[in-house]
Amino acid sequence: MTASGNVIAGVRTFAADVINGFLEVTHSGFALLGLGVVFGVITLTARPDLRQAGEEELMGWLQARQEAVVGFPMEPAASERAVALNPKELPREQAAVAYWLSKKYRVAPEPLAALVTEAYEIGARTKLDPTLILAVMAVESSFNPFAQSPVGAQGLMQVMTRVHTDKYEGFGGHLAAFDPVANLRVGVKVLQECIARAGSLEGGLRYYVGAANLPDDGGYAAKVLAEHFRLRQVANGRTGVSPAGPVNPPLLSTKAPATPEAAPATPATGEKVALLSGL
């Protein structure tokens, strides 16, 4: 065999050895990878805590990457905290009330739908007409959950937080005054106590606004009752109810709900109802 033939044969032998070695290493690598995957699956199955930790680590990495792209922290659970419902999923009566209030007060129907639902639920528990509860919210804050009066009444129902701090303890503290649902529930509790103390709905509203011992309440009770009347019409299916409504609507029942707490009205302060420390 010539020298050139020897060189070619040597090159071929070397190439064959390299290829065989590469295939061997690759095969062994895939085998090791497969064993690693199997071992990982067995480990994660036997140790759910490790699986959870791994998932959290992966989610944290993905969120960090997403934050780097958009420039601010991501909160996947934010929609779960939102006080909002689809008004189309409400019963017809509640949906009608939510849409009517949304149009009048220029508030999105979704958060109003959640408030309407809560008002109907708490109204059933407290024996208060839900449209009365909504009327108080409308007159007090126009459905602004962050409203605050000059004397410190706060939130949807304009409750004096510093006086009724104890009522917010079950909601995590006084800052819950700005949580719509918490403020609504506390406000209804105060309203219920006011009506019981006065012995009538109109008297309770005078207590609620802090005018029980004044010559008049500045038209507060009349405003609430007028809005209550309009909302009752909407809830009863009447269409075309004007946001302004009649100047003097028929008087609604002003008899206080039957309750053992009812008592004759006593003088109150001239400030907002929630200043009544006896409530």
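Everything discussed here concerns the structure shown above.
Thresholds, definitions, all that
- Residues numbered from 1 in each chain as written.
- Predicted model: local features only at pLDDT ≥ 70, side-chain atom pairs only at ≥ 80, totals over all residues.
- Heavy atoms only, no water.
- Helix = DSSP H or I, 4+ residues; strand = E, 2+ residues; numbered from the N terminus.
- Buried < 20%, exposed > 50% of the residue type's maximum accessible area, 1.4 Å probe, protein only.
- Contact = heavy atoms within 4.5 Å.
- Areas by Shrake-Rupley, 256 points an atom, 1.4 Å probe, with all protein chains shown as cover.
- Polar contact = N/O pair within 3.5 Å; in protein donor to acceptor, adjacent residues only side chain to side chain.
- Salt bridge = Lys/Arg side-chain N within 4 Å of Asp/Glu carboxyl O.
- Axes fitted to C-alpha atoms, helices over the stretch in contact; angles between N-to-C directions.
- Left-handed = near helix turned anticlockwise from the far one by under 90°.
- Nonpolar A, V, L, I, M, F, W, Y, C, P; charged D, E, K, R; others polar.
- Phe/Tyr/Trp six-rings, centres within 6.5 Å; stacked < 30°, edge-to-face > 60°.
- Parallel < 35°, antiparallel > 145°, perpendicular 65-115°, else oblique.
- Expected span 1.5 Å × (residues − 1).

A look at the overall build of the protein chain
Counting secondary structure elements, the protein chain contains nine helices and two strands. Expressed as a percentage of its 279 residues, the buried residues of the protein chain come to 36%. Taking contacts inside the protein chain between residues at least 6 apart in sequence as the whole, the part at least 24 apart equals 58%. For the protein chain, the accessible surface area stands at approximately 16,400 Å², while carbon and sulfur atoms represent 61% of it.

Some words on the environment of proline 111
Residue placement: proline 111 occurs in helix α5 (residues 109-126). Overall, the relative accessible area of 27% leaves proline 111 in the partly exposed class. On a C-alpha basis, the gap between proline 111 and alanine 84 in space is 4.0 Å, while along the polypeptide they are 27 residues apart.

Things to note about the side chain of glutamate 140
Residue position: glutamate 140 is located in helix α6 (residues 130-141). Relative accessible area serves as the criterion here: at 16%, glutamate 140 is assigned to the buried category. For glutamate 140, the side chain forms a polar contact with the side chain of tyrosine 220, separated by 2.7 Å.

Some thoughts on the pattern of salt bridges
Following the criterion strictly, the structure yields six salt bridges and no others. Linking glutamate 227 and lysine 104 is a salt bridge whose minimum nitrogen-to-oxygen distance equals 2.8 Å. Separated by 123 residues along the polypeptide, glutamate 227 in helix α9 (residues 220-235) and lysine 104 in helix α4 (residues 92-105) bring together distant segments of the chain. Glutamate 227 sits in the buried class, given a relative accessible area of 1%. Put simply, arginine 185 and glutamate 118 hold a salt bridge, and the shortest N to O gap is 2.7 Å. Separated by 67 residues along the polypeptide, arginine 185 in helix α7 (residues 180-198) and glutamate 118 in helix α5 bring together distant segments of the chain. Residue arginine 185 is classed as partly exposed on the basis of its relative accessible area of 33%. For glutamate 118, a relative accessible area of 6% translates into the label buried.

Topic: the packing of α5 against α7
A pair of packed helices is captured by two measures, namely the crossing angle of their axes and the spacing between those axes. Axis separation between α5 and α7 bottoms out at 11 Å; the angle between their running directions is 35°. Once α5 is placed against α7, the crossing between them reads as right-handed. Touching Leu115, Glu118, Ala119, Ile122 and Thr126 of α5 are Pro180, Val181, Leu184, Arg185, Val188 and Gln192, all from α7. Split by residue class, the contact of α5 with α7 holds seven nonpolar, two polar and two charged.

Quick word on the packing of aromatic side chains
Any pair of aromatic rings gets described here by the distance separating the centres and the angle formed by the planes. Under the defined criterion, the tally for this structure stands at one aromatic pair. Ring centres of tyrosine 105 and phenylalanine 143 lie 5.3 Å apart, and the angle between their planes is 70°; on these two criteria the pair is classed as edge-to-face. Taken as a pair, tyrosine 105 in helix α4 and phenylalanine 143 in the loop between α6 and β1 (153-154) lie far apart in primary sequence, 38 residues in all. Both residues of the pair, tyrosine 105 and phenylalanine 143, count as buried.

A look at the packing of α7 against helix α8 (residues 201-208)
Where α7 meets α8, the closest approach of the two axes is 7 Å, and the angle between their N-to-C directions is 125°. Considered as vectors, α7 and α8 are oriented oblique to each other. The chirality of how α7 crosses α8 is right-handed. Side by side, α7 and α8 meet where Gly187, Val190, Leu191, Cys194, Ile195, Arg197 and Ala198 of the first sit next to Leu201, Gly203, Gly204, Leu205, Tyr207 and Tyr208 of the second. Grouping the amino acids of the contact of α7 with α8 by side-chain chemistry returns nine nonpolar, three polar and one charged.

Quick look at α4
Compared with an ideal rise of 1.5 Å per residue, which puts 14 residues at 20 Å, α4 spans 20 Å between its outermost C-alpha atoms and is within 8% of the ideal. Considered for burial, the residues of α4 that qualify are Gln94, Ala95, Val97, Ala98, Trp100, Leu101, Ser102 and Tyr105. Residues of α4 that are buried sit in contact with α5, α6 and α9. Of the residues trailing α4, arginine 106 is marked for its positive phi of about 55°.

As for the environment of threonine 161
Looking at where threonine 161 falls in the secondary structure, it is placed in the loop between β2 (159-160) and α7. In sequence terms threonine 161 and alanine 176 are 15 residues apart; their C-alpha atoms lie 9.3 Å from each other. Once residues lying within four places of it in the same chain are set aside, the contact partners of threonine 161 are Gly152, Gln154, Tyr168, His174 and Ala177. In this structure the side chain of threonine 161 is engaged in a polar contact, spanning 2.5 Å, whose partner is the side chain of glutamine 154.

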